[in-house]
Amino acid sequence: MTGRVLVTGNSSGLGRGFTEAYLQRGWQVYGVSRRGCDGLDGELHDVTCDLGDADAIAPALARLLDGVERLDLAILNAGVLGPIRDLAATPVATLEEVMTVNVWANKRILDWLLARPLPVDRVVLISSGAAVVGHRGWGAYALSKATLNMLTQLYAHEFPDSQLLALAPGLVDTEMQDELCDPARTDATRFPSLERLRAARGSAAMPDPRAAAERIADLLPTLQERPSGSFVDVRDL
Ligand SMILES: NC(=O)c1ccc[n+]([C@@H]2O[C@H](COP(=O)([O-])OP(=O)(O)OC[C@H]3O[C@@H](n4cnc5c(N)ncnc54)[C@H](OP(=O)(O)O)[C@@H]3O)[C@@H](O)[C@H]2O)c1
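Here we summarise the structure given alongside this text. (Residues numbered from 1 in each chain as written. Predicted model: local features only at pLDDT ≥ 70, side-chain atom pairs only at ≥ 80, totals over all residues.)

Here we take up the overall build of the chain. When helices and strands are tallied, the chain shows seven helices and seven strands. Secondary structure elements of the chain occur, N-terminal to C-terminal, as β-α-β-β-α-β-α-β-α-β-α-α-α-β. Against the compact-globule benchmark of 18 Å for 237 residues, the chain has a radius of gyration of 17 Å, which places it among compact chains. Overall, the C-alpha framework of the chain stretches about 50 × 35 × 35 Å when taken along its three principal axes. (Helix = DSSP H or I, 4+ residues; strand = E, 2+ residues; numbered from the N terminus. Rg over C-alpha atoms; globule rule 2.2 N^0.38 Å.)

What follows is the structure, given as structure tokens:
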């Protein structure tokens, strides 16, 4: 099967992995990021946009998806980590910055799809195990992913003809892990959950982005019976 897929955050990491995987499968890929994504074979349409800029999102999507009448899949993947820090030491403004990209940008994209209207068969919102496990130091990120899970559940009611899934991709060896696994940048003594990530890096427990994306692309057709709004962790499959 081929189709059309929107991928946000496709300039690096998992989003670039999805872009490569779906292009390889003959899909048309519509990508959004600040840095852009190029140098790939296949039908890639790309727009640069800061998803943290509320006013930039609708015009960028209108440019990118001009003439597209339906999407088979949207993978809302763009995300930021924010600081690994005690919540008491994290200003609300920092929490708001992370929420803007990890949650509200996705709300804006979903609202745009509804308003256009641009039908989409399936929307996968990239969540995290941190949505449901509150390890010390993961405040901004964990709050944003927990909210993303509920956003998915709530929007499922408003997209009656689509399947929405919040999906935790498992550990993936990306730029996000550069920070989490660097002792100079994050302190595993204070935040012990980082030790598990550092031990996993370089092992099969933390695949590279392309391998992780291929696995998820293979798994998605098997998830068709999941109720819309569900949270799925690929490590449970
Ligand atoms: N890596 C893991 O182990 C892991 C585990 C669980 C969940 N996740 C989730 O997987 C998703 C992808 O993360 P990753 O690990 O692949 O990290 P990454 O390599 O840092 O990729 C993040 C992507 O998001 C885009 N992005 C960030 N801020 C943006 C903004 N303001 N506007 C537009 N695009 C923006 C980045 O593009 P630009 O910088 O070009 O804008 C980049 O393409 C995230 O939602 C993350 O929470 C990752």
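Around the ligand, the structure places 29 residues, and the nearest of them are Gly9, Gly13, Arg34, Arg35 and Gly79. For the shell around the ligand, the secondary-structure elements that each account for two or more residues are helix H1 (13-24) and helix H5 (175-180). For the shell around the ligand, the residue count by class is twelve nonpolar, 13 polar and four charged. (Near = placed C-beta within 6 Å. Nonpolar A, V, L, I, M, F, W, Y, C, P; charged D, E, K, R; others polar.)

What follows deals with H1. Over its twelve residues, H1 runs 17 Å from end to end, which matches the ideal 16 Å to within 8%, given 1.5 Å per residue. With ten of its twelve residues buried, H1 lies for the most part within the structure. Among the residues of H1, those classed as buried are Gly13, Leu14, Gly15, Arg16, Gly17, Phe18, Thr19, Glu20, Ala21 and Tyr22. At the C-terminal side of H1, Gly26 shows a positive phi close to 90°. (Expected span 1.5 Å × (residues − 1). Buried ≥ 20, exposed ≤ 12 C-beta atoms within 10 Å, placed from the backbone.)

The end-to-end C-alpha separation of helix H4 (residues 139-156) is 26 Å, in line with the 26 Å expected for 18 residues at 1.5 Å each. The element H4 is extensively covered by neighbouring structure, given that 13 of its 18 residues are classed as buried.

Following Arg116, the chain continues into Pro117 via a peptide bond in cis, with omega recorded as -15°. Relative to the elements of secondary structure, Pro117 occurs in the loop between helix H3 (92-115) and strand S5 (120-126).

The next thing to look at is the nonpolar core. Counting 60 residues, the largest nonpolar core has Val5, Ala74, Ile75 and Val124 as the members making the most contacts within it. For Val5, the residues in contact, after removing those within four places along its chain, are Tyr22, Trp27, Val29, Leu71, Asp72, Leu73 and Ile75. (Core = buried A, V, L, I, M, F, W, Y, C linked by C-beta atoms within 7 Å. Contact = placed C-beta atoms within 7 Å.)

For Thr147, the position within the fold is in helix H4. Sequence separation between Thr147 and Val103 is 44 residues; the distance between their C-alpha atoms is 7.1 Å.

This paragraph deals with the packing of H1 against helix H7 (residues 209-219). Between H1 and H7, the least distance of the axes is 8 Å, while the angle of their chain directions is 60°. Taken together, H1 and H7 sit at an angle that is classed as oblique. As H1 packs across H7, the resulting crossing turns out to be right-handed. For the pair H1 and H7, contact is made by Gly13, Leu14, Arg16, Gly17, Phe18, Glu20, Ala21 and Tyr22 and by Pro209, Arg210, Ala212, Ala213, Glu214 and Ala217, respectively. (Axes fitted to C-alpha atoms, helices over the stretch in contact; angles between N-to-C directions. Parallel < 35°, antiparallel > 145°, perpendicular 65-115°, else oblique. Left-handed = near helix turned anticlockwise from the far one by under 90°.)

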